[in-house]
Amino acid sequence: MTSPTTKQLRQWDNEYVWHPFTAMQAYRDEQAPIIESGEGFYLFDVEGQRYLDGISSLWCNVHGHGVPEIDDAIREQLGRISHSTLLGLSSPPSIELAQKLVELTPPGLTKVFYSDSGSTAVESALKIAYQYHQQKSPSPETRRLFGTVSGAYHGDTIGSVSVGSIELFHTVYGKLLFETVSVPSPAAFHRPGNMREGEYLRHCFTEAERVITQNANQMAAFIIEPLVQGAAGILVHPDGYLKHVREITSRFGIPLIADEVAVGFGRTGTMFACEQEEVEPDLMCVAKGLTGGYLPVAATLATDEIYDAFLDVPSAGKTFFHGHTFTGNPLGCAAALASIKLFDQNRILDRVQINSELIAEKLRPLVEHPHVGEIRQKGLMVGIELVAHRDPVTCYSSEQRIGHLVTLAARKRGVILRPLGDVVVLMPAPAMPTELVEKLCDVAIEAIEEVIASVRLN
Ligand SMILES: *Cc1c(COP(=O)(O)O)cnc(C)c1O
């Protein structure tokens, strides 16, 4: 059988593939790269073009592509078995990885429930929390309300959409979702116009306390993206906010779910974001970077307190009746173990530190730019918010697709980016070498300048 030509691939892509989070009508005219291979921090398309992977293949890649240690670990496992179930059976890689995750994550998290994506890790956490209250002893309760931060993103299954609130993604499903209660996001850029920054942040701390306190008796759990709300536009929370939420939820015995799907595995400078505020959540979700971004494995970690509520004779019906077919896939777990080993071996967290400082330095010239509303950064998570006017803040119209135009301008220069609306996102892999991080920043700045100049001319 001969391989299809590039022309055929493009035709079939347009004819048969429905891409996620992609406006298909526009996509079909765009001739997006068809990625055939990857090496280090570069992606290669079927036409032989090389692109720097500026978003870690959607926030998950850690050590680069084609890393020999990870490839070998997968191959070795492939030589044994590709998949066997965790429903009532086990496998060495899933056992070893669970032990490792308990060791690495904040104290108190002692049990690992596997799934296969960030969304399913969150979905599991929500269902575990809900069921926990009904089975906890000595005093079971029915609690059905979930607390959230406004503008949250926790994934795309209906439970995780219910605890999210990004208007563009979520509004259409409104009537399908369960009820939640939310606290304002403590990120000051889009605050009500009449409030000063400090005043707004104080308001957010107070509101968190008020809303949680008022709903304490019904609250099944409070879910939060620790330190950074990713999909909302890389919104960085002020110091102390996560700890504040932990203190209030602890006071009322409300389980705290830390969604570390995006921020985990080095992205914000520490292995997990919770460490920076010494927060110990009751449930924690990890996915994207868990396997080094190689394969779809996710996990929901839980405390003994929660796990114990599910223990009883089988006929008591307290089992967690939930699980996905490919849960704890052995190839994925083998990749995760190899990736975790590389963190120490290659001193990845030191590299994150160096690269974060470099990014801040390189982007400094944009800080005063008339069309840059704000640059937000925590470690390697960077959002550059483009605005039509700075004072008062006026956004570009959505028809202008300004963020998307920057992506196209960067692509011409051999760099892959993907924006969140008008926010240009840079998310280099934690292991990316300094020169490439510099190149990423340079190209992002050039692309922004080009697009802003062209929009001004129109
Ligand atoms: C990406 C993401 C998810 C969803 O993960 P998927 O693997 O895409 O299902 C959940 N929570 C956060 C914070 C994320 O960034």
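Report follows, based on the coordinates. (Residues numbered from 1 in each chain as written. Predicted model: local features only at pLDDT ≥ 70, side-chain atom pairs only at ≥ 80, totals over all residues. Heavy atoms only, no water.)

The terminal C-alpha atoms of helix α6 (residues 118-135), which comprises 18 residues, lie 26 Å apart, in line with the 26 Å expected from a rise of 1.5 Å per residue. Of all 18 residues in α6, 15 are buried; the element is thus mostly enclosed. (Helix = DSSP H or I, 4+ residues; strand = E, 2+ residues; numbered from the N terminus. Expected span 1.5 Å × (residues − 1). Buried < 20%, exposed > 50% of the residue type's maximum accessible area, 1.4 Å probe, protein only.)

Our next topic: the pattern of salt bridges. Under the definition given, this model contains 20 salt bridges. Of the charged contacts, one joins R376 and E374 as a salt bridge, the two residues approaching to 2.6 Å between their closest N and O atoms. (Salt bridge = Lys/Arg side-chain N within 4 Å of Asp/Glu carboxyl O.)

A separate point is helix α12 (residues 330-345). In an α-helix, one turn spans 3.6 residues, which is why side chains three or four residues apart end up on the same side. Taking 1.5 Å of rise per residue, 16 residues should cover 22 Å, and α12 covers 23 Å from first to last C-alpha, within 8% of that figure. Burial of α12 is extensive: 13 of the 16 residues sit out of reach of the surface. Its side-chain oxygen 3.1 Å from the backbone nitrogen of L331, N329 forms the N-cap of α12. R347 sits one or two residues past α12 and shows a positive phi near 45 degrees. (Polar contact = N/O pair within 3.5 Å; in protein donor to acceptor, adjacent residues only side chain to side chain.)

Below, the discussion takes up the environment of T148. You can see T148 is positioned in strand β5 (residues 145-149). T148 sits in the buried class, given a relative accessible area of 2%. Taking C-alpha positions, T148 is 34 Å from L342, a pair spaced 194 residues apart along the chain.

To continue, consider the sheet that holds strand β16 (residues 423-426). In spatial order, the strands read β13-β14-β16; together these three strands make up an open sheet with antiparallel pairing. If you trace the sheet from one side to the other, it starts and ends with β13 (372-378) and β16, each paired once. Ignoring strand direction, the axes of neighbouring strands in this sheet form an average angle of 15 degrees. Relative to β16, strand β14 (residues 381-386) runs antiparallel, the two sharing four bridges. If you follow V382 over to β16, its bridge partner there is L426. Packing against the sheet, helix α13 (residues 348-363) makes contact with β13, β14 and β16, and its axis sits at approximately 170 degrees to β13. (Pairing = 2+ DSSP bridges. Axes fitted to C-alpha atoms, helices over the stretch in contact; angles between N-to-C directions. Contact = heavy atoms within 4.5 Å.)

Each neighbour pair has its own omega, and for S137 with P138 the value is 10 degrees, a cis peptide bond. Structurally, P138 can be placed in the loop between α6 and β5. The linkage connecting D391 with the following residue, P392, adopts the cis geometry, with an omega of -5 degrees. Its place among the elements puts P392 in the loop between β14 and α14 (402-412). Of note in the backbone geometry, R347 takes a positive phi value of approximately 45 degrees without being a glycine. Looking at the secondary structure, you find R347 in the loop between α12 and α13. By relative accessible area, which is 58% here, R347 ends up exposed.

This part is about the site of the ligand. Close contacts around the ligand come from S117, G118, S119, Y153, H154, G155, E225, D259, V261, A262 and K288, and that covers them all. For the ligand, an oxygen atom lies 2.7 Å from a polar atom in the backbone of G118. At 2.6 Å, a side-chain N or O of K288 approaches an oxygen atom of the ligand. Here the ligand, which alone exposes 380 Å², has 82% of that area covered by the protein. Residues of the shell around the ligand, tallied by class, amount to three nonpolar, five polar and three charged. (Near = heavy atom within 4 Å. Areas by Shrake-Rupley, 256 points an atom, 1.4 Å probe, with all protein chains shown as cover. Nonpolar A, V, L, I, M, F, W, Y, C, P; charged D, E, K, R; others polar.)

Moving on to the packing of aromatic side chains. Going through the model one piece at a time under the given rule, you end up with eight aromatic pairs. Relative to Y241, the ring of F205 lies with its centre 5.4 Å away and its plane at 85 degrees, an arrangement referred to as edge-to-face. On the criterion of sequence distance, the pair formed by F205 in helix α9 (residues 197-215) and Y241 in helix α10 (residues 241-251) is long-range, its members being 36 residues apart. Seen from their ring centres, F265 and F343 are 6.4 Å apart, and the 50 degrees between their planes marks the pair as tilted. Taken together, the residues F265 in the loop between β10 (256-259) and β11 (283-286) and F343 in helix α12 connect sequence positions 78 residues apart. In terms of burial, F265 and F343 fall into one category: buried. Joined through ring pairs, the aromatic side chains of F21, Y153 and F169 make up one cluster. The residue whose ring lies beneath R50 is Y42, and the NZ or CZ to ring-centre distance is 3.9 Å. Positioned over the ring face of Y307 is K111, at 4.8 Å from the centre of the ring. (Phe/Tyr/Trp six-rings, centres within 6.5 Å; stacked < 30°, edge-to-face > 60°. Lys NZ or Arg CZ within 6 Å of the ring centre and 35° of its normal.)

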